[in-house]
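What follows is the residue order along each chain.
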Amino acid sequence: MDIDFCDLSLEDALAAILKRPAGAPFAYVVTPNVDHVVRIQRRRSDLWPAYRSAWLCLCDSRILSRLAARAGVNLPATPGSDLTAALLRAGHEPGDRIAIVGGSETLVDCLQSMLPMVDFVRFNPPMGFVANPHAFAAARDFLIDAQARFAILAVGSPQQELLAWHVARSGRATGTALCVGASLDFLTGEQRRAPEWMQMLSMEWLFRLLTNPRRLWRRYMIEGPVILPIYRNWLARRRRSRVRIPPGAGLGQHH
C-alpha cells in the first residue's frame, strides 16, 4: 500500500536492533498499523517523508498481515508492544542508556526497578507539542543530547514519527529509536492489553474499543474500515502493473 514494510519476524527485527552499537548514527523504527495507513493515505500525505526515512518499517497489525496474505504477500505481524517488551528483556550492558519521550514518572520508576543496570532518562513534552516550535525543539534536543543507545518514543502517532524524522535530519544524534505509542503502558500494567486469544484472532482492536469507547469509537468504527477500499485499490493497481503487452501488439501490423 505504498509503504515499504520489512518482512522481518520479531526475532529478526530485534536482532537487527541489538546489533547496532550505541554510538551508531541515529536511526528509527516505525510500526504502522491500520490507523497509520488510513491516515497517511487519506488525510496526511505530509507524513510520507517520516515513514520513508525510517530504518525499519514493521507491520504492527495482524489485520494488515492477513490482508497481505490474501494477496500472496508475506508480511509478518510484528506488534510494537511485543518488540518493546523483547527489547527491554534483552541483555543490556551496565550503564546502557534508554531515553524515553512520553510516559509518566511512575512508568519510568517501574522500568528502573525492572532494569536497575539501565540508565533511564525521560522527557515528557506537553500535549500538542508538534504544533509548538519551542516544545518540539526541546523534545528533539533532548534526544540529541541524551546520546542513548535506545530511545522509546511513546507520544502517539504521528507525533513520534515526526519527532524521530527531525532528530534523524539533525545529523547530531546517535542510537536507535522505536516509535511504539502506548507499548510501555502495556508493559508496566498502566493499560491492559487484549487477551492473547483475541490478539491471535486479529480482534485486539475490539478489546481496546470496549475498554475505551469514548476515545476510540471513531478510530475503529469510522476511520478503520476505510482500509478496505484502500486495500481494493492497491489490489487493482497491483494487477494492472502485472499486465505485460507483447512487443508489437496493437501497432496495426499486417501479415
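Structure report, in brief.

What counts, and at which threshold
Residues numbered from 1 in each chain as written. Predicted model: local features only at pLDDT ≥ 70, side-chain atom pairs only at ≥ 80, totals over all residues. Heavy atoms only, no water. Helix = DSSP H or I, 4+ residues; strand = E, 2+ residues; numbered from the N terminus. Buried < 20%, exposed > 50% of the residue type's maximum accessible area, 1.4 Å probe, protein only. Areas by Shrake-Rupley, 256 points an atom, 1.4 Å probe, with all protein chains shown as cover. Disulfide = S-S within 2.5 Å. Axes fitted to C-alpha atoms, helices over the stretch in contact; angles between N-to-C directions. Parallel < 35°, antiparallel > 145°, perpendicular 65-115°, else oblique. Left-handed = near helix turned anticlockwise from the far one by under 90°. Contact = heavy atoms within 4.5 Å. Nonpolar A, V, L, I, M, F, W, Y, C, P; charged D, E, K, R; others polar. Pairing = 2+ DSSP bridges. Core = buried A, V, L, I, M, F, W, Y, C linked by side-chain atoms within 4.5 Å. Expected span 1.5 Å × (residues − 1). Right-handed = clockwise from strand over helix to strand, strands pointing away. Phe/Tyr/Trp six-rings, centres within 6.5 Å; stacked < 30°, edge-to-face > 60°. Lys NZ or Arg CZ within 6 Å of the ring centre and 35° of its normal. Salt bridge = Lys/Arg side-chain N within 4 Å of Asp/Glu carboxyl O.

**Brief notes about the overall build of the chain**
Argument step 1. If you tally the helices and strands in the chain, you get 13 helices and six strands.
Argument step 2. The 255 residues of the chain split such that 47% are buried.
Argument step 3. Accessible area for the chain stands at about 13,400 Å²; split by element, carbon and sulfur atoms hold 54% of it.

**Considerations on the state of the cysteines**
Argument step 1. Taken as a whole, this structure holds zero disulfides when the rule is applied.
Argument step 2. No disulfide involves Cys6; its nearest neighbouring cysteine sulfur is the one of Cys57, lying 6.4 Å away.

**Some words on the packing of helix H7 (residues 133-146) against helix H8 (residues 159-170)**
Argument step 1. Closest axis-to-axis distance for the H7/H8 pair is 10 Å, and the angle between their directions is 60°. Between H7 and H8, the interaxial angle falls into the category oblique. The hand of the H7/H8 crossing is right-handed. Between H7, through Phe136, Ala139, Arg140, Leu143 and Ile144, and H8, the contact on the second element is made entirely by Leu162, Leu163, His166, Val167 and Ser170.

**Quick notes on the packing of helix H1 (residues 10-19) against helix H5 (residues 80-89)**
Argument step 1. Interaxial distance between H1 and H5 falls to 10 Å at its minimum, and their mutual angle equals 50°. As summarised for this structure, H1 and H5 are arranged oblique, according to the angle between their axes. In the crossing of H1 with H5, the sense of the turn from one axis to the other is right-handed. Contact with H1, carried on its side by Leu10, Ala13, Leu14, Ile17 and Leu18, involves Asp82, Leu83, Ala86 and Leu87 of H5 and no other residues of that element.
Argument step 2. When the residues that make up the contact of H1 with H5 are grouped by side-chain class, the tally is eight nonpolar, no polar and one charged.

**Remarks on the sheet that holds strand S3 (residues 97-102)**
Argument step 1. Here we have six strands laid out as an open sheet, ordered S2-S1-S6-S5-S3-S4, and parallel in their pairing. Each having just a single partner strand, strand S2 (56-57) and strand S4 (119-123) make up the two edges of the open sheet.

**A short note on the nonpolar core**
Argument step 1. Among the nonpolar cores identified, the biggest contains 49 residues, and Met1, Tyr28, Leu64, Leu143, Leu153, Leu163 and Ile227 are the most heavily contacted of them.
Argument step 2. At seven residues, the largest contribution of residues to this core is made by H7.
Argument step 3. By size, the runner-up hydrophobic cluster in this structure holds 25 residues, among which are Ala13, Val29, Leu58 and Leu115.

**Topic: H8**
Argument step 1. Compared with the 16 Å implied by 1.5 Å per residue over twelve residues, the 17 Å span of H8 between its first and last C-alpha is a close match.
Argument step 2. Those residues of H8 that fall on the buried side of the exposure criterion are Gln160, Glu161, Leu162, Leu163, Ala164, Trp165 and Val167.

**What to know about the environment of Gln159**
Argument step 1. Residue position: Gln159 is located in helix H8.
Argument step 2. A sequence separation of 29 residues divides Gln159 from Val130, and the C-alpha atoms of the two residues are 6.3 Å apart.

**Focus on the pairing of S3**
Argument step 1. Judged by how many residues are buried, S3 sits mostly within the fold: five of six residues are covered.
Argument step 2. Where S3 and S4 come together, five bridges link them in parallel fashion. Paired with Ala99 across the strands is Val121, a residue of S4.
Argument step 3. A crossover links S3 with its parallel partner S4, the connecting element being helix H6 (residues 105-114), and its sense is right-handed.
Argument step 4. Of the pairings in the sheet, the one linking S3 to strand S5 (residues 150-154) comprises five bridges and is parallel in character. Considered in S5, the bridge of Ala99 is made with Ala151.

**With respect to the packing of aromatic side chains**
Argument step 1. What the rule picks out here adds up to four aromatic pairs.
Argument step 2. Arranged with centres 5.5 Å apart and planes meeting at 25°, the rings of Phe123 and Phe142 form a pair that is stacked. Placement of Phe123 in strand S4 and of Phe142 in helix H7 is noted, with a sequence separation of 19 residues between them.
Argument step 3. For Phe142, a relative accessible area of 15% puts it in the buried group.
Argument step 4. Taking NZ or CZ as reference, Arg20 lies 5.3 Å from the ring centre of Trp55, over its face.
Argument step 5. Cation over ring: Arg169 sits above Trp165, and NZ or CZ is 4.7 Å from the ring centre.

**What about the pattern of salt bridges?**
Opposite charge on two side chains permits them to pair, given that their charged atoms come into close proximity.
Argument step 1. Evaluated as defined, the whole model comprises seven salt bridges.
Argument step 2. A salt bridge links Asp46 to Arg44; the nearest nitrogen and oxygen atoms lie 2.8 Å apart.
Argument step 3. By relative accessible area, Asp46 is classed as partly exposed at 43%.
Argument step 4. On the basis of relative accessible area, Arg44 is assigned to the partly exposed category, the value being 28%.

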